[in-house]
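If you want the building blocks of each chain, they are given just below.
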2 protein chains.
Amino acid sequence: MSTEAKITKTEARKPRGLADRGPADIAATEAMMRVIREVYSRYGFDALETPFLEYTDALGKFLPDQDRPNAGVFSLKDDDEQWMSLRYDLTAPLARYCAENWQNLPKPFRSYRAGWVFRNEKPGPGRFRQFMQFDADTVGAGSVAADAEICMMAADTLEALGIPRGAYVIKVNNRKVLDGVMEAIGIGGEENAARRLIVLRAIDKLDKFDWVEVGKLLGPGRLDESGDFTKGAGLNDAQIAQLRAGLAPLAEQVEASTEAGRQGLAELNEMAALFSAAGYGPDRIKIDPSVVRGLEYYTGPVYEAELLFEVKDEAGRPVRFGSVGGGGRYDGLVSRFLDEPVPATGFSIGVSRLLAALQALGKVSTTPEPGPVLVLAMDRDVAGMSAYQRIVKDLRDAGIRAELYLGSAGMKAQMKYADRRGSKVAIIQGSNEREAGEVQIKDLVLGATLNQTKDREEYLAKQAQAQFAVKVEDVVGAVKKVLARHG
Amino acid sequence: MSTEAKITKTEARKPRGLADRGPADIAATEAMMRVIREVYSRYGFDALETPFLEYTDALGKFLPDQDRPNAGVFSLKDDDEQWMSLRYDLTAPLARYCAENWQNLPKPFRSYRAGWVFRNEKPGPGRFRQFMQFDADTVGAGSVAADAEICMMAADTLEALGIPRGAYVIKVNNRKVLDGVMEAIGIGGEENAARRLIVLRAIDKLDKFDWVEVGKLLGPGRLDESGDFTKGAGLNDAQIAQLRAGLAPLAEQVEASTEAGRQGLAELNEMAALFSAAGYGPDRIKIDPSVVRGLEYYTGPVYEAELLFEVKDEAGRPVRFGSVGGGGRYDGLVSRFLDEPVPATGFSIGVSRLLAALQALGKVSTTPEPGPVLVLAMDRDVAGMSAYQRIVKDLRDAGIRAELYLGSAGMKAQMKYADRRGSKVAIIQGSNEREAGEVQIKDLVLGATLNQTKDREEYLAKQAQAQFAVKVEDVVGAVKKVLARHG
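Please read all numbers here as calculations on a predicted model, not as lab measurements.

Q: Would you mind showing me how to read the nonpolar core here?
A: Within soluble globular proteins, side chains that are nonpolar generally end up buried alongside one another. In terms of nonpolar packing, the biggest core is built from 237 residues, with A:Tyr40, A:Ile427, B:Tyr40 and B:Ile427 touching the most fellow members. Once residues within four sequence positions are removed from consideration, A:Ile427 is found in contact with A:Val373, A:Leu374, A:Val375, A:Leu376, A:Ile391, A:Leu395, A:Val439, A:Gln440, A:Ile441, A:Val475 and A:Val479. Counting 20 residues, the second-largest nonpolar core is a separate cluster that includes B:Leu197, B:Leu217, B:Ala233 and B:Val292.

What follows is the structure, given as C-alpha cells:
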C-alpha cells in the first residue's frame, strides 16, 4: 500500500444524509407497501407516478423552514437555462400532473403513489436528504366527505399493517378554525400572511416543545442550544394566551367568533358525523384542535396519524412514537395552474418512520431470504466448473435458490462464505467423487450443532445425516430433503 | 378566462424527456420485474439499493458520446461546494458501494438492483432523460464462469418472461479479442487510447449503420443528416479492412496474432464450454465477434441480449426488435477506489425496452385493475353521505373495491364517471329507498348490452337482472353475485 498509489485513488464515499439499503430493509419496505397498496386500491385509488425532476416554478415553494431562495430543494439548470428541482414531496408534482391533464382525467381523480423525495436540508440522526413517501389524494372533490374518507383509510391502513386499535389515533383539525382564532387575535388579512405562517409553524412544534418554548416562537423569538436564533411572530402575551385558549378542546366561543372559525367548526362537525356513522369512534379518529400541520398550502381539514405506544429515545427515556403521516386539504395547489378552482385533499405516509414503528411492534419480518445452496468450486478447470454448473442448474430448475462459488478462495474460505450467506446446504464434489458420479451433501444447520452432541451413538447418527454422498442425478431430491428438515 | 388571470398562472408542464406513468404501465412493469427478481434470487443474488445522488468524482465519467465535461449527467453543487450527480447508471454507484464496504461484504458479492437512472441528453421518441434499469452483478470473481453464469441467467430471465426460445439470443464477445485486433492494426498502446474509444463506439453502431457509414466513423469522420460532423478515428482503408476481417466469425488468425487476442479467444472458448455443459446451445447463447458495447470500462467478456423477432419501425418497415440489455466485465471500476484488484462482471436490462418487447409479443397483460363499485351520491346531506359511506365500508370490509362518488356533479355525470373508471356495478339510494332501507343495484356491464336486445321477453328479463332493489343488509351478497356474472 504505497502512499503514491493512495494519492491517485478516488475516495469511495456517499454525500451526507444519503443511505444504501440492503436486502432485509428492501424486503420489509416492499411487504409493508404491498399492504398499503391493497388498502388504497380497495378504496378505489389508482397508481400514478411522476418524474423525479420538475420545473422549479411548477413545484412552487411550499416547504417549511425555507428562508433562502431555493433552500430546502436540490435545483439545477436545464440546457435551456430553466431551473429544475428534485421533487421535495409528492403533492406538488401531483398538482402539476392534474393541471396538465385536467381535461382528460376522471373527476374526482383518485390516485396513490410511493416514491423517493429529496430535501436539501441539514441531515441528522434518522433525518435523510432522500426519503420515501406514500401518498393518496382525491383531486376535484370539495366535500369534506373526501377528507373524512382519507382519515378512515389511514386508520384502516394502520390496522391492516397490524397496529392494534388503541395504539394509534388519527387526529383531525381544520385550518379554518385556526384562521378564525388568528383573525380574532388581530393577525388576519393579507398583510399578516407571513406572520400567520410563523404562528402555524410554531404551533406545529408542540409535539417537540412545551408552551414555554413555543411561546418564544410566537413572541420575540427563540435561541436554540446551538446558538441559532429563530425570529418569532411578535405576538404579545395576551395574544398568545388567547391563541392557546383557542387551541384547547371545546373552545368554541373563541373559534366561532369569526366566519372562518364558524365554517371550520361546521366542517369538523360534519366529518365527526361521517366518522361516527361509519363506525369510526374517537378511539380511532378524533377531532383535536392542536393539529395544525406546518405546510402553508393547507386550506381546510388537516389530519395526522399518530402512534401512541412508547419507544425509548436516544437517552433511553420512554417517548411516544408520534406521527407517521399526515395531510389535509389544499384547494389552491392545482388551481395555481388553472383558471378554475380545483379542490383537493391528500394524505402522506413517511415510509421509513412507519416501517420503524412496525419493527418496534414486531410486525415486520426482518428475517432475510434463506441463503442459496452453495456448490463448492473444488476443481477450477473447465471440466470441473462445467460439472458444478450443471448441478447448480438442476437445483435452480427445481426452483431451489442455488449458486456456484465463483471466487478464487480455497475450501475453508468457501465454507465461511456459505456461512456468511446463510446457506443451509453445501455440495462438494472433488475429482474422485466426479469420477464416481457422486457428490457430498453437507447439512450446514445440523453440522453446526454436531459438537454439542455428547452421546457417541447420537453423534454418529447425526454425523451421517449432516454429511452424506448421493449420485449426481439424486442431488435435487436429497437437497429438498435436507431443506425440509429446517423448515 | 381573462388575459389578466392567465398571466399570473404558472404553466403546468414537465421538463423535456420526462414522463408520467399511469396504473396500467406501473402494473405491467411491476409484474415483469417480479419475474426478473425471482430468477435473480434463484441464482443467489440479493437486493441492494443505492441513493440517487453520488459525488460526481465517485461516479466517474464512463458515458459514451460525452464530449463536454459534465455533459450526459445532471450535476449540482452541494452546500460544501462538492459536485454531486444524479446516477447515470447502476454500475458506477455499485462500484462505490462495494469499495466503501469491501471489508464487510461476503466475497464474491452478488447483488441485483432496479432503479431509475438519469441522462442529461437530447431526448427523442422513446428516448427519455429518466429511465429504469435492472442490473445484476458479481463483484470479486475473476473467473469467466461468473460471466458465463450471468449470460445463462439472462437467457433464463427472457424465457421466464415468456419470450420463446429462438426469439432471443445472448451474444457474447471479449474485449481482449478486439484489443488484439486493434493492436494488430497498429493502434495499441496508451497513446492511442482515445482513438481506440472512437473505434469501439463506431463498431458499436453496427446495429444501426452499415459498414459504409461505420467506415466513415473509423476513417475521416461522418456528416449526419442534421449537418453534425462526428470526428473519425482516422484509420486508413487497409486498417479498416483488417479490422472488419477481425470482427468476422472465425477470424482467429488476426485475433490470435497478439497476446491480448489469444487470451480473449481462450476465455471465449472456456465460456463456450461452460454454456455447452449447462445445456445452453448457440440457439440461446452464441459467441459473436461483432458485439463490442460502447462503454469504455469493459475489460473482458461483453454480452448483449438481443430479441430477434420483427416489429414495424416508424415508417412501417419490419425491423428486428434488437437489444434489451447487455453488460460485461469491468475489472477496473471498483479498484479505482481500492489498493487491491477487484474483478467484477454485470448485466443491465433496459426495463422499458424489455416491457415494450413483451407488449409486442402479447406477454404482458395491459388490462387495468377492474374499476371500483360506485356508490352514487344522491343526497349530499350528512344523513345521506353517512348512509352511503356505510355501504361503501361494508363492501370494502368484504374485500370489494368500492368508492363513494365524492365530486359535486349530478347523477348523469356520476354514471359517466362510473363508465370512465370501468366500474361494473353502481349502487343508487335516493331518499325514498333510504326510508325503505333499500338500494338499487345496477349491473353496468349487462345494462350496456340492453339496447342490443330485440326480443321483448328477453329484454324484460335482462332488464330485471340489470337493475334491481335489495335490502341494505344484502348489498354485499348482491354485488358479489353481479361481479361473479362478469368473471
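Q: How should I be thinking about the relation of the copies chain A and chain B in this particular structure?
A: Copy one and copy two of the chain differ by a rotation about a common axis and a shift along it. Overlay of chain A on chain B (RMSD 0.1 Å): rotation 180 degrees, translation along the axis 0.0 Å. Between the two chains, the operation in question is that of a two-fold axis. For chain A, the minimum C-alpha distance to the rotation axis belongs to A:Leu76 and amounts to 2.9 Å. In this assembly, 100% of the residues forming the interface of chain A have copies in chain B that are likewise at the interface, indicating an isologous arrangement.

Q: For this particular structure, what's the right way to read the sheet that holds strand S6 (residues 130-139) of chain A?
A: The strands making up a sheet are joined through hydrogen bonds of the backbone, oriented either antiparallel or parallel. All names here are of chain A. Ordered by their spatial adjacency, eight strands build an open sheet running S1-S5-S6-S13-S12-S11-S7-S10, and the pairing between neighbours is mixed. Each edge of the open sheet carries a strand with a single partner, namely strand S1 (46-47) and strand S10 (285-287). Pairing geometry for strand S5 (residues 109-118) and S6, over ten bridges, is antiparallel. Its bridge partner being in S6, Phe109 is matched across the sheet by Val139. The sheet contacts of helix H4 (residues 91-101) involve S5 and S6, and relative to S5 the element is tilted by about 135 degrees. The strands touched by helix H5 (residues 144-160) within the sheet are S5, S6, strand S7 (168-174), S10, strand S11 (301-312), strand S12 (318-329) and strand S13 (344-350), with S7 carrying the most contacts at an inclination of about 165 degrees.

Q: Help me out: how do you make sense of the pattern of salt bridges in this one?
A: Residues and elements named next belong to chain B. Applying the stated criterion across every chain yields a total of 74 salt bridges over all chains. Here Glu306 makes a salt bridge to Arg320, at a shortest N to O gap of 3.4 Å. Of this pair, Glu306 sits in strand S11 (residues 301-312) while Arg320 is found in strand S12 (residues 318-329), placing the two residues 14 residues apart along the sequence. Between Asp443 and Arg485 there is a salt bridge, and its shortest N-O distance comes to 2.8 Å. Separated by 42 residues along the polypeptide, Asp443 in strand S17 (residues 438-443) and Arg485 in helix H18 (residues 475-485) bring together distant segments of the chain. The buried category is assigned to Asp443, whose relative accessible area is 1%.

Q: How should I be thinking about unusual backbone geometry in this particular structure?
A: Residues and elements named next belong to chain A. A cis amide bond, omega 0 degrees, links Lys107 with the succeeding residue Pro108. Tracing the chain through its elements places Pro108 in the loop between H4 and S5. One non-glycine residue, Glu81, adopts positive backbone phi at about 70 degrees. Structurally, Glu81 can be placed in the loop between strand S3 (75-77) and strand S4 (83-86).

Q: Looking at this structure, how should I read the interface of chain A and chain B?
A: Put simply, an interface is often sized by how much accessible area is lost when its parts join up. Contacts between chain A and chain B engage 99 residues on the former and 99 residues on the latter. Both faces considered, chain A and chain B share a buried interface measuring about 8,800 Å² in area, 54% of it formed by carbon and sulfur atoms. Broken down residue by residue, the surface that chain A buries against chain B is led by A:Arg13, A:Glu49 and A:Leu406, which jointly contribute 8%. Inspection of the chain A/chain B interface yields 20 salt bridges. Ionic pairing is found between B:Glu100 and A:Lys14, a salt bridge with its closest N-O pair at 3.1 Å. Linking chain A to chain B there are 48 residue pairs in polar contact (both at pLDDT 80 or more). Examining the composition of the side of chain A that touches chain B, we find that seven residues originate from one element, helix H13 (residues 382-397) of chain A, more than from any other. Looking at the side of chain A that touches chain B, its residues break down into 48 nonpolar, 18 polar and 33 charged.

Q: Help me understand the sheet that holds strand S18 (residues 467-471) of chain A, please; the structure alone is not making it clear to me.
A: All names here are of chain A. Strands sit in the order S15-S14-S16-S17-S18 across an open sheet of five strands; the sheet is mixed. Of all strands in the sheet, those bounded by a partner on one side alone are strand S15 (402-404) and S18. Across the sheet, the mean angle from the axis of one strand to that of its neighbour is 25 degrees, orientation sign disregarded. Strand direction decides the pairing type here: strand S16 (residues 425-428) and strand S17 (residues 438-443), joined by four bridges, are antiparallel.

Thresholds applied
- Residues numbered from 1 in each chain as written.
- Chains lettered and ligands numbered in written order.
- Predicted model: local features only at pLDDT ≥ 70, side-chain atom pairs only at ≥ 80, totals over all residues.
- Heavy atoms only, no water.
- Core = buried A, V, L, I, M, F, W, Y, C linked by side-chain atoms within 4.5 Å.
- Buried < 20%, exposed > 50% of the residue type's maximum accessible area, 1.4 Å probe, protein only.
- Contact = heavy atoms within 4.5 Å.
- Least-squares fit on C-alpha atoms with pLDDT ≥ 70 in both.
- Pairing = 2+ DSSP bridges.
- Helix = DSSP H or I, 4+ residues; strand = E, 2+ residues; numbered from the N terminus.
- Axes fitted to C-alpha atoms, helices over the stretch in contact; angles between N-to-C directions.
- Salt bridge = Lys/Arg side-chain N within 4 Å of Asp/Glu carboxyl O.
- Buried area = accessible area lost by both parts, 1.4 Å probe.
- Polar contact = N/O pair within 3.5 Å; in protein donor to acceptor, adjacent residues only side chain to side chain.
- Nonpolar A, V, L, I, M, F, W, Y, C, P; charged D, E, K, R; others polar.

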